[in-house]
Each structure stands twice: as structure tokens, then as C-alpha cells.
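Inside the fold
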Amino acid sequence: LFLSREGFRLALIRQDHTTTTANDNGDNEKSNNIQKRTNVTWLSVPTGITLSLLALFYHHYTFSSATDNADFYWAGVLYAAAATTESLGEPLVIQSLCDFDVTSRAAAEGAAAFARAAMCVASLRLQDAFLDGRFPVSSFGLAQLVYAAVLTLVLLYKRR
């Protein structure tokens, strides 16, 4: 899933968005380039969701409840949900990169990293206290889901 997102990012960042030329009709070519970039940026959402769902289905059908630990199953489900959530925010990340909006991206990444660390520590402590430590791997999946949600929400707030 990372590779699919990175491909969209690299392709869209390498485009020249600074030139402004007029075509035969007198239209602004820069606005056409921005619209094209926006259209391609939003293709990352269905691509990421599709890949996340395929990974989830593969995980579900290859998991053997007789031999595998349930913790790994739920961790896989949580990571798939996190990847889907990150895919929803990918157009905002690409837009921030193309506009050189370092402030919004840094605020979102910082808040998300802090939230992930706090959720990881809290969920490890709580599951150890109440569930006898049976779901340590799922705690990391839950922390990744919180990271994705906070990243997307902060970018959405900053970009509005």
C-alpha cells in the first residue's frame, strides 16, 4: 500500500506547476494543469481503498483460527482499516506537498505521531491490565489507526 501511495506522490510532485501560458483560446494553462493534478490526486483514494480491501480479504482467507493467534488476525484488520483511512487523506497529503505547505504537514505528522505513541502506550497498559496481555500486536494496529485518523483530520482542518 505504501508503494501505491508513493507512486502517486512522486508522479504528481514532479510536474511543473509554476508555469503559466495561454493557449489558442486564451485559457489559462496553469488552471488546466491544476485541475488535471487534482483529478489524478483523487485517483489515489479508490486505488488505496481497493488495495487495502484486497489485503484485508487475503488476510481473512489465509488466517487459520486453529493454528494462528487471534491477536494477529485483529492486528491485520486494524492495519487494513488504518491503510484505508490513510488513503482517504492522501489527496490532502499530495496537495500539501505540491503547494510546499510544510507547516500543515509538519503539524499533522507531529500530532499524528504523538497520538500514535500515546495510544500504543495506553492500549498496551489497558490490555495488559484487563485482558491479561493477550492482544499486544493489536495494540500497535490500533495505534496505527489512530495515527491515520489524526493525520487525515488535522490535514483536513488545516487545508479548509
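Our subject is the structure listed above.
Residues numbered from 1 in each chain as written. Predicted model: local features only at pLDDT ≥ 70, side-chain atom pairs only at ≥ 80, totals over all residues. Heavy atoms only, no water.

**Topic: the pattern of salt bridges**
Going through the model one piece at a time under the given rule, you end up with three salt bridges. Notably, a salt bridge pairs Arg159 with Asp99, separated by 2.8 Å at the nearest N-O pair. With Arg159 in helix α5 (residues 136-159) and Asp99 in the loop between α3 (70-98) and α4 (102-130), this residue pair connects regions lying 60 residues apart in the sequence. A cluster of three or more residues bridged by salt bridges with shared partners is formed by Asp99, Asp101 and Arg159. (Salt bridge = Lys/Arg side-chain N within 4 Å of Asp/Glu carboxyl O. Helix = DSSP H or I, 4+ residues; strand = E, 2+ residues; numbered from the N terminus.)

**Considerations on unusual backbone geometry**
One non-glycine residue, Phe100, adopts positive backbone phi at about 55 degrees. For Phe100, the location among the structural elements is in the loop between α3 and α4. Judged by its relative accessible area of 71%, Phe100 falls in the exposed class. Positioned with a positive phi, Asp132 is a non-glycine residue whose angle comes to about 55 degrees. Looking at where Asp132 falls in the secondary structure, it is placed in the loop between α4 and α5. (Buried < 20%, exposed > 50% of the residue type's maximum accessible area, 1.4 Å probe, protein only.)

**A word on the packing of aromatic side chains**
On inspection of all chains with the given rule, the structure shows two aromatic pairs. With a centroid separation of 5.1 Å and an interplanar angle of 50 degrees, the aromatic rings of Phe63 and Tyr73 are classed as tilted. Highlighted residues: Phe63 in the loop between α2 (29-62) and α3 and Tyr73 in helix α3, separated in sequence by ten residues. Just as Phe63 is buried, Tyr73 falls in that class too. Relative to Trp74, the ring of Tyr73 lies with its centre 5.2 Å away and its plane at 80 degrees, an arrangement referred to as edge-to-face. (Phe/Tyr/Trp six-rings, centres within 6.5 Å; stacked < 30°, edge-to-face > 60°.)

**Things to note about the packing of α3 against α5**
Their axes nearest at 8 Å, the elements α3 and α5 cross at an angle of 15 degrees. By the criterion of interaxial angle, the relationship of α3 to α5 is roughly parallel. Handedness of the crossing formed by α3 with α5: left-handed. (Axes fitted to C-alpha atoms, helices over the stretch in contact; angles between N-to-C directions. Parallel < 35°, antiparallel > 145°, perpendicular 65-115°, else oblique. Left-handed = near helix turned anticlockwise from the far one by under 90°.)

**Side note on α4**
Its 29 residues place the ends of α4 41 Å apart at the C-alpha level, agreeing with the 42 Å of an ideal helix rising 1.5 Å per residue. Listing the buried residues of α4 in full gives Ser104, Ala108, Ala112, Ala115, Cys120, Ser123 and Gln127. In this structure, the buried side of α4 is in contact with α5. Following α4 by one or two positions, Asp132 adopts a phi angle in the positive range, close to 55 degrees. (Expected span 1.5 Å × (residues − 1). Contact = heavy atoms within 4.5 Å.)

**Side note on the environment of Phe57**
With respect to the helices and strands, Phe57 occurs in helix α2. In this structure the C-alpha to C-alpha distance between Phe57 and Val77, which are 20 residues apart in sequence, comes to 9.4 Å.

**Here we look at the nonpolar core**
Residues Leu92, Val93, Ala108, Ala112, Tyr147, Leu151, Val154 and Leu155 constitute the largest nonpolar core, which totals eight residues. Contributions of two or more residues to this core are made by α3, α4 and α5. Among the elements that line this core, the one with the most residues is α5, at four residues. Excluding residues within four positions of it along the chain, Tyr147 makes contact with Glu86, Glu109, Ala112, Ala113 and Arg116. (Core = buried A, V, L, I, M, F, W, Y, C linked by side-chain atoms within 4.5 Å.)

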